Amino acid sequence: MAALKDGSSGGDPAIPKEKDRRTVFVETWGCQMNELDSRRFVGLMAREGYLEALAPDDADLVLLNTCSVRDRAEQKVYDYLGRIAARKRLRPGLLVGVCGCVAQQEGEEILRRSPAVDFVLGTGRIELLPSIVQRVVTEGDRPIEVGFDMDEVAYTPGAVARTVAHRASITIVEGCNKNCTFCVVPTTRGRERNRRLAGIVDECRRLADEGVVEIELLGQTVNAYTDPATGEGLPALLRAISAIGGLRRLRFVTSHPKNFDDDLIAAMAESEVVCPALHLPFQSGSDRILGRMKRQYTRAEYLDLVGRLRVAIPGITLSTDIIVGFPGETEEDFSATVSMLDEARFSSIFCFTYSPRPRTAAARWEQDVPVRVAQQRLARLDDHQQELQLRMNESLVGEVLEVLVEGSDKTGQRVSGRSRFNQLVHVDGIPGTPPGTFVMAVVEKGLANSVLARPLRVGHPAEPGGPDVAS
Ligand code: SAH
Ligand code: F3S
């Protein structure tokens, strides 16, 4: 990469002068995995001497880390490229790369549609970013890299530019082997590729040594994780990570109901580190629609799993994903989805209107639910859930929660963070408490999407029981 790091006369040639430092800006859409991939982009380019810019105007390299899971996300990318093209005319040296799922899906089409784009980098080729940038600079062509390496996950653990010191996400399995008929992810992220368990545990240990107290393990079907050499699964991994000293919270997302077995429930239940909160998409409450979606479970099986989780892990909170307006969804099917909310009692939901995606089975079917009907169903579902959430959060009044502080509001008076159960908690009376601090707080009021609490004490992360500031 020496070609990019020029300009320094004298001193260590590998360290450019401040004014010569190149800068990278990443715009991110989509899921947590994309968020993490963006931090990998910044980390990989930092090794080449790049600084991170906080706005595209300050950048020499702009990366669009895209999402194609639903229609609008894709459209946003093309809108954004239109604005970048205007900027590029004013700043000819600016490089623009399209990465992520739209890159994987559209490939060449992006270069054709948008002359401002210098290269396209797919989700399986992240580690190639520095070399591809160099290629653009030195050879001036417009490369497309969108393949997948099936045998191993290319990953440089150290090259993740983390934004907070106390929390980290790590991908343990890339891709997805399921074939849900609505979903584009198997195309955009490829087949499952698993990392080695020992490598993941080493990385977690290193993060804990650096002061990370909460780790989130990522995968499209995270509970399908299997060590490629030993065959060990997610339960073994949770047990191994739970044994690392200093780590206080461990989460994993997203789980598929079909892959959730009793050993995984046991591993969650027995660990003091694994948080009692789970994201478990059910998508539809109707068996007919679940069948058409090829989700591989029934409503009864999903609810049975919820029952077993609630027995084994007292107080566990559940969140979920739901699609309304899937082809063939009748009013009766939709009612079955609404009643799932009452039966499973989710603490939060993410619901979407169905959007036909390229190269998916359902996109070829008759799109018989009008958009207007789908949007009404979405609103009805959301209204119903808001009522349930308000009641659930009101029932928390008087309970003591451990809050990991993430930040404060504009006035600096109120700090906010998450409980172990993943509730969003706002705490008054401890202004300026820094992110990463654990606070014990008692809930005073429940709102629809959060709870308000007053602090009991503030403890140091390393001393779970020991208060060092009384309030
Ligand atoms: N296993 C994945 C799921 C990826 S997509 C994960 O890690 O979250 C996230 C959610 O988007 C899905 O659970 C589904 O509810 C929604 N979704 C996926 N494809 C969709 C489509 N074509 N239309 C509407 N919503 C969709
Ligand atoms: Fe998509 Fe289904 Fe996999 S929702 S990510 S194909 S489990």
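Residues numbered from 1 in each chain as written. Chains lettered and ligands numbered in written order. Predicted model: local features only at pLDDT ≥ 70, side-chain atom pairs only at ≥ 80, totals over all residues. Heavy atoms only, no water.

With that settled, consider the overall build of the chain. If you tally the helices and strands in the chain, you get 13 helices and 19 strands. Taking 471 residues into account, the globule formula puts the C-alpha radius of gyration at 23 Å, and the chain, at 23 Å, falls close to it. Overall, the chain is about 65 × 60 × 50 Å in size when its C-alpha atoms are taken along their principal axes. Within the span of the chain, comprising 471 residues, buried residues form 53% of the whole. Relative to all contacts within the chain whose residues are 6 or more apart in sequence, the contacts with residues 24 or more apart total 71%. Entry remark: accessible area of the chain is about 20,500 Å², with carbon and sulfur atoms responsible for 50%. Each charge class in the chain can be summarised by its mean position, and for the 58 positive and 65 negative side chains these summaries are 3 Å apart. (Helix = DSSP H or I, 4+ residues; strand = E, 2+ residues; numbered from the N terminus. Rg over C-alpha atoms; globule rule 2.2 N^0.38 Å. Buried < 20%, exposed > 50% of the residue type's maximum accessible area, 1.4 Å probe, protein only. Contact = heavy atoms within 4.5 Å. Areas by Shrake-Rupley, 256 points an atom, 1.4 Å probe, with all protein chains shown as cover. Lys, Arg positive; Asp, Glu negative; His and termini not counted. Charge placed at Lys NZ, Arg CZ, Asp CG, Glu CD.)

Lining the immediate surroundings of ligand 1 are 13 residues, of which Arg 70, Gln 220, Gln 283, Asp 321 and Ser 355 lie closest. Out of a free accessible area of 540 Å², ligand 1 has 88% covered by protein chains. Looking at the shell around ligand 1, the elements with two or more residues in it are strand 12 (317–324) and strand 13 (348–353). Split into classes, the residues belonging to the shell around ligand 1 amount to 5 nonpolar, 5 polar and 3 charged. (Near = heavy atom within 4 Å. Nonpolar A, V, L, I, M, F, W, Y, C, P; charged D, E, K, R; others polar.)

Applying the stated criterion across every chain, the model contains 36 salt bridges. For Asp 60, the salt bridge goes to Arg 91, with nearest N and O atoms at 3.0 Å. Taken together, the positions of Asp 60 in the loop between strand 2 (51–52) and strand 3 (61–66) and Arg 91 in the loop between helix 2 (71–90) and strand 4 (95–99) put the pair 31 residues apart, joining distant regions of the chain. Its relative accessible area of 29% is what places Arg 91 among the partly exposed residues. Its salt-bridge partner being Arg 135, residue Asp 141 comes within 3.6 Å of it at the nearest N-O pair. For Asp 141, a relative accessible area of 29% gives the class partly exposed. A relative accessible area of 29% places Arg 135 in the partly exposed class. Taken together, the shared-partner salt bridges connect Asp 37, Arg 40, Glu 127, Glu 174 and Arg 189 into one network. (Salt bridge = Lys/Arg side-chain N within 4 Å of Asp/Glu carboxyl O.)

Another point: the confidence of the model for the chain. For the chain, the average pLDDT comes to 91, and 92% of its residues sit at 70 or higher. The low-confidence segment residues 1–11, where pLDDT is below 50, has 23 contacts with residues more than four positions distant or belonging to other chains. Long-range and interchain partners of residues 461–471, a stretch whose pLDDT sits below 50, account for 19 contacts in this model, where long-range means more than four residues apart. (pLDDT = per-residue confidence, 0-100.)

Another aspect to go through is the sheet that holds strand 10 (residues 249–253). Strand pairing in a sheet takes place through backbone hydrogen bonds and is either antiparallel or parallel in direction. Spatially, the 4 strands line up as an open sheet ordered 8-7-9-10, and their pairing is mixed. On the outer flanks of this sheet lie strand 8 (193–194) and strand 10, each paired with one strand and no other. Sheet topology note: the strand 7 (residues 167–174)/strand 9 (residues 214–219) ladder contains 6 bridges and is parallel. The partner of Arg 167 across the bridge, within strand 9, is Glu 214. Along the sheet face, helix 7 (residues 197–209) touches strand 7 and strand 9 and points at about 175° away from the line of strand 7. (Pairing = 2+ DSSP bridges. Axes fitted to C-alpha atoms, helices over the stretch in contact; angles between N-to-C directions.)

Here we come to helix 5 (residues 129–139). Those residues of helix 5 lying buried are Leu 129, Pro 130, Ile 132, Val 133 and Val 136. Elements in contact with the buried residues of helix 5: helix 1 (32–46), strand 3, strand 4, strand 5 (119–121) and strand 6 (144–145). Count one or two residues on from helix 5 and you reach Gly 140, which has phi positive near 70°.

To continue, consider the pairing of strand 16 (residues 424–428). Bridge analysis of strand 15 (residues 414–419) against strand 16 gives 5 bridges, and the strand direction is antiparallel. Paired with Arg 414 across the two strands is Asp 428, which belongs to strand 16. Taking the residues that link successive antiparallel strands as the turn, the strand 15-strand 16 hairpin has 4 residues, and the phi of Asn 422 there is positive, at about 75°.

Looking now at the layout of surface pockets. Taken as a whole, the second largest pocket holds about 580 Å³ of empty space. The wall of the second largest pocket is formed by 24 residues, among which Asp 71, Arg 72, Thr 353, Tyr 354 and Ser 355 lie closest to the centre. Broken down by secondary-structure element, the contributors of at least two residues to the lining of the second largest pocket are helix 2, strand 13 and helix 13 (371–394). Across the lining of the second largest pocket, the residue classes tally to 13 nonpolar, 6 polar and 5 charged. When residues of the lining of the second largest pocket are assigned to domains, at least three map to each of domain 1 (18–145) and domain 2 (167–394). (1 Å grid on protein atoms, 1.4 Å probe; cavity = no way out; pocket = protein on both sides within 12 Å on 5 of 7 lines; lining within 4 Å. Points joined across faces, edges and corners; volume = space filled by probe spheres on them. Domains from an automatic or database assignment.)

Sheet architecture is open: 3 strands sit in the order 11-12-13, paired in parallel fashion. The two strands at the open ends of the sheet, each matched to only one other strand, are strand 11 (277–279) and strand 13. Neighbour-to-neighbour, the strand axes of the sheet open up by a mean angle of 10°, direction not taken into account. Here strand 11 pairs with strand 12 via 3 bridges, running parallel. Bridging from a neighbouring strand, His 279 pairs with Ser 319 of strand 12.

This paragraph deals with helix 11 (residues 299–312). Helix length check: helix 11, at 14 residues, gives a terminal C-alpha distance of 20 Å against a target of 20 Å (1.5 Å per residue), a fit within 8%. The complete set of buried residues in helix 11 reads Arg 299, Tyr 302, Leu 303, Leu 305, Val 306 and Leu 309. Buried residues of helix 11 fall within an arc of 155° about the axis and therefore sit on the same side. Set apart from the buried face of helix 11 by more than 90 degrees, the exposed residues are Ala 300 and Val 311. Each element contacted by the buried residues of helix 11 is listed here: helix 9 (262–270), strand 11, helix 10 (287–293), strand 12 and helix 12 (331–344). (Expected span 1.5 Å × (residues − 1). Arc of directions from axis to C-beta.)

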